[in-house]
2 protein chains.
Amino acid sequence: MDLYHVLTDDEGRLSDMDRKLAQLVLQDVDFATGSSISELAERAGVSPPSVTRFCRRVGCSGFSDFKVQLARMTYVGLRYLRPEVPTSTPEEVAEDILTKAQNALFHLHQQLDPRLLNEAAQILRAADFILAFGSGGNSSMISSELQNRLFRLGCNIHNSSDRAMDLMLAAGAVEGTVAIVSSMTGRDLDLVRCLELMRQRGVPTIALTQSGSPVARAAGLTIPIDLPEGRNIFRPTSTRYAYLAVVDMLANLVAYADRPRAIAVLRRIKEELVRSRDGDDRQLLGD
Amino acid sequence: MDLYHVLTDDEGRLSDMDRKLAQLVLQDVDFATGSSISELAERAGVSPPSVTRFCRRVGCSGFSDFKVQLARMTYVGLRYLRPEVPTSTPEEVAEDILTKAQNALFHLHQQLDPRLLNEAAQILRAADFILAFGSGGNSSMISSELQNRLFRLGCNIHNSSDRAMDLMLAAGAVEGTVAIVSSMTGRDLDLVRCLELMRQRGVPTIALTQSGSPVARAAGLTIPIDLPEGRNIFRPTSTRYAYLAVVDMLANLVAYADRPRAIAVLRRIKEELVRSRDGDDRQLLGD
DNA sequence: CCGATTCCGGAAATTAATTTTCACCCAACG
DNA sequence: CGTTGGGTGAAAATTAATTTCCGGAATCGG
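In this report, we go over the structure that sits alongside the text. (Residues numbered from 1 in each chain as written. Chains lettered and ligands numbered in written order. Predicted model: local features only at pLDDT ≥ 70, side-chain atom pairs only at ≥ 80, totals over all residues. Heavy atoms only, no water.)

Observations regarding the sheet that holds strand β2 (residues 157-160) of chain B
Residues and elements named next belong to chain B. On the basis of which strands lie adjacent, the open sheet formed by 5 strands has the order β2-β1-β3-β4-β5 and parallel pairing. Pairing within the sheet leaves two strands with one partner each, and these edge strands are β2 and β5 (221-224). Each strand axis lies, on average, 15° off the axis of its neighbour in the sheet, ignoring direction. Judged from the 5 bridges that link them, strand β3 (residues 177-183) and strand β4 (residues 205-209) form a sheet pairing that is parallel. Pairing of Ala-179 across the sheet is with Thr-205, part of β4. Of the strands in this sheet, β1 (129-133), β3 and β4 are in contact with helix α11 (residues 189-200), which crosses β3 at around 160°. (Pairing = 2+ DSSP bridges. Helix = DSSP H or I, 4+ residues; strand = E, 2+ residues; numbered from the N terminus. Axes fitted to C-alpha atoms, helices over the stretch in contact; angles between N-to-C directions. Contact = heavy atoms within 4.5 Å.)

Okay, here's the thing in structure tokens:
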């Protein structure tokens, strides 16, 4: 399924010739997708049958299928293969950012476990009160986004990006509270402390973070978001798209868990908005 | 080049049969990319040569090239074609959200004018002080994100999501100020008022909004973000990804406009962060 | 309304590409 | 040193794509 990983041969499954081909293909994906089997074979210095065999070994049904898979992979992964393209013109910057964002979403898709997501949504749904923590430019955006999305669904929620405040909130959490935290590095020790405090007191905790990190270990339920960091492609900047998508998903699932309530609240908010504007009702359809 | 638009036949350039084929292809891209020319021809009820001719007419060199182009296009646009998949299971919700987000990015890519982007970045770069406005759950995220990204690059910037405050800030803006506003609907009349106030006073204004909207008309420079709203696919929820990407691009371009300054500021911030954490230096590499 | 012309699509033939078969070589191992 | 297994390329076979050519339908002019 994941052609890219097969081609990079992480497991060493490929023979010498296969590796030569894989390298050639990765080096110039456009050529590979555009050429015929014999052109590719010639450039690689092998025979056409070898190319066919190669395609089979990497999991495709034939050369034609290989090209399609390759093309499908590239759109998302092109920059990933040649990461250090210097980006300086506005076109390049735009392309680069979009590709990285799409890459982040793509990888999220590959690793996401919907059951965990759903479990988290059910916990949030059942909460009397939700605390959303996350500090630093990136995670604070996520926690405020959680607040923004969930209050519309009838959840009582407060978000905080203030570490000192977080600790107090955590220490003072009463029964019925649920905490959801975000940390891209997973190494925010104040946050870990908050999670520990709350777990001791029986407050369910959900973390959006790197798996295996201190924050992940301290949380009751972790939704792991692990984007490859190789070659500095997945910096927080692009990782945010994945986090944001997870928030979107959680909000959707919470909404679906109790549609009537969500619809009722959304409608009230919408009415209020329409009243304060020039009849524009699009702003809030959000979900 | 842009296969998707040719296939949707916006210009009515295609013949009846071509349209039939285009529709079939769009309906089931997976089948089209996976099948042979005769399979596709049979399912469409046409002859293989017609398929070849069709491929030529839509700008490909042949059927094989067509499949590759299609595969390249698809990954991003797939769900757009079958939008009303009812989403209820966690898997479907996850898939749906990711696809919509990728769609939004895809469309942004298609319509974005990098020159405008660069122009905006240069204006921001030259500003003594930047005001970032945007209210409501979505645009307030964007304005706070602008603040978060640009202050790291050495820009003096303040963001506000408070309409009353916005008006005061606009009225009081001194020379050297630049305003950048975000409005997904473009119908925020308070924002329009702010823009008018500032333009009168010679304060350059940049808007991220729908083209042709009141906000767009009131702004000095508009970076249009028009995502198709048909069939409710591009609700604000997914449009945010596009807005966020534009912020990313602007931040990048501002940074590149004066690398030394950006690097110096980033380094200072990073040092501070590392000191306050357990040596984790990844959080801020942002760009 | 009729005939000619043009455009378009399909059948068959042609051509090109891919895949299979088969024979060979090299390396590893008995 | 021979044998066996894995892998390779040449050639053949097969399959797929494309071109050619012809026929039919629509259109326009008479």
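A word on helix α11 (residues 189-200) of chain A
Residues and elements named next belong to chain A. The end-to-end C-alpha distance of α11, which contains 12 residues, comes to 17 Å, matching closely the 16 Å that a straight helix rising 1.5 Å per residue would cover. Buried within α11 are the following residues: Leu-191, Val-192, Cys-194, Leu-195, Leu-197 and Met-198. Its buried side turned inward, α11 meets β1 (129-133), α10 (163-172), β3 (177-183), β4 (205-209) and α12 (214-218). Measuring from the backbone nitrogen of Asp-190 back to the side-chain oxygen at the start of α11 gives 3.2 Å, which picks out Asp-188 as the cap. One or two positions beyond α11, positive phi appears at Gly-202, with a value near 80°. (Expected span 1.5 Å × (residues − 1). Buried < 20%, exposed > 50% of the residue type's maximum accessible area, 1.4 Å probe, protein only. Polar contact = N/O pair within 3.5 Å; in protein donor to acceptor, adjacent residues only side chain to side chain.)

Structural notes on the packing of aromatic side chains
All chains considered together, the criterion is met by 2 aromatic pairs over all chains. Both rings, one in A:Phe54 and one in A:Phe66, keep their centres 5.6 Å apart while their planes meet at 70°; by these two values the pair is edge-to-face. On the criterion of sequence distance, the pair formed by A:Phe54 in helix α5 (residues 48-57) and A:Phe66 in helix α6 (residues 63-81) is long-range, its members being 12 residues apart. By relative accessible area, which is 0% here, A:Phe54 ends up buried. A residue is classified by how much of its surface remains accessible, and A:Phe66, at 0% relative accessible area, is buried. Over the face of the ring belonging to A:Phe31 we find A:Arg43, whose NZ or CZ atom lies 3.5 Å from the ring centre. The aromatic ring of B:Tyr241 is capped on one face by B:Arg240, whose charged end is 5.9 Å from the ring centroid. (Phe/Tyr/Trp six-rings, centres within 6.5 Å; stacked < 30°, edge-to-face > 60°. Lys NZ or Arg CZ within 6 Å of the ring centre and 35° of its normal.)

Brief notes about the packing of helix α10 (residues 163-172) of chain B against α11(B)
Residue and element names in this part refer to chain B. Where α10 meets α11, the closest approach of the two axes is 8 Å, and the angle between their N-to-C directions is 10°. As judged from the angle between their axes, α10 and α11 are roughly parallel. Side by side, α10 and α11 meet where Arg-163, Asp-166, Leu-167, Ala-170 and Ala-171 of the first sit next to Asp-190, Arg-193, Cys-194, Leu-197 and Met-198 of the second. Of the residues contributing to the contact of α10 with α11, the split by class is 6 nonpolar, no polar and 4 charged. (Parallel < 35°, antiparallel > 145°, perpendicular 65-115°, else oblique. Nonpolar A, V, L, I, M, F, W, Y, C, P; charged D, E, K, R; others polar.)

Some remarks on the sheet that holds β1(A)
Residue and element names in this part refer to chain A. Strand order in the open sheet formed by 5 strands is β2-β1-β3-β4-β5, and the pairing between neighbours is parallel. At either margin of the open sheet sits one strand with a lone partner, and together these are β2 (157-160) and β5 (221-224). Along the sheet, successive strands turn relative to each other by an average axial angle of 15°, direction set aside. Sitting on the sheet, α11 touches β1, β3 and β4, and the angle it makes with β3 is about 160°.

Points about the pattern of salt bridges
Close approach of charged atoms allows side chains with opposite charge to pair. Counted by the stated rule, this structure contains 12 salt bridges over all chains. Here B:Asp248 and A:Arg240 are joined by a salt bridge, their closest N and O atoms 2.6 Å apart. With B:Asp248 in helix α13 (residues 236-257) and A:Arg240 in helix α13 (residues 236-257), this residue pair bridges two chains. Taken as a pair, B:Asp248 and A:Arg240 share a single burial class, namely buried. Through salt bridges with shared partners, a single network forms among A:Glu145, A:Arg149, A:Asp248 and B:Arg240. (Salt bridge = Lys/Arg side-chain N within 4 Å of Asp/Glu carboxyl O.)

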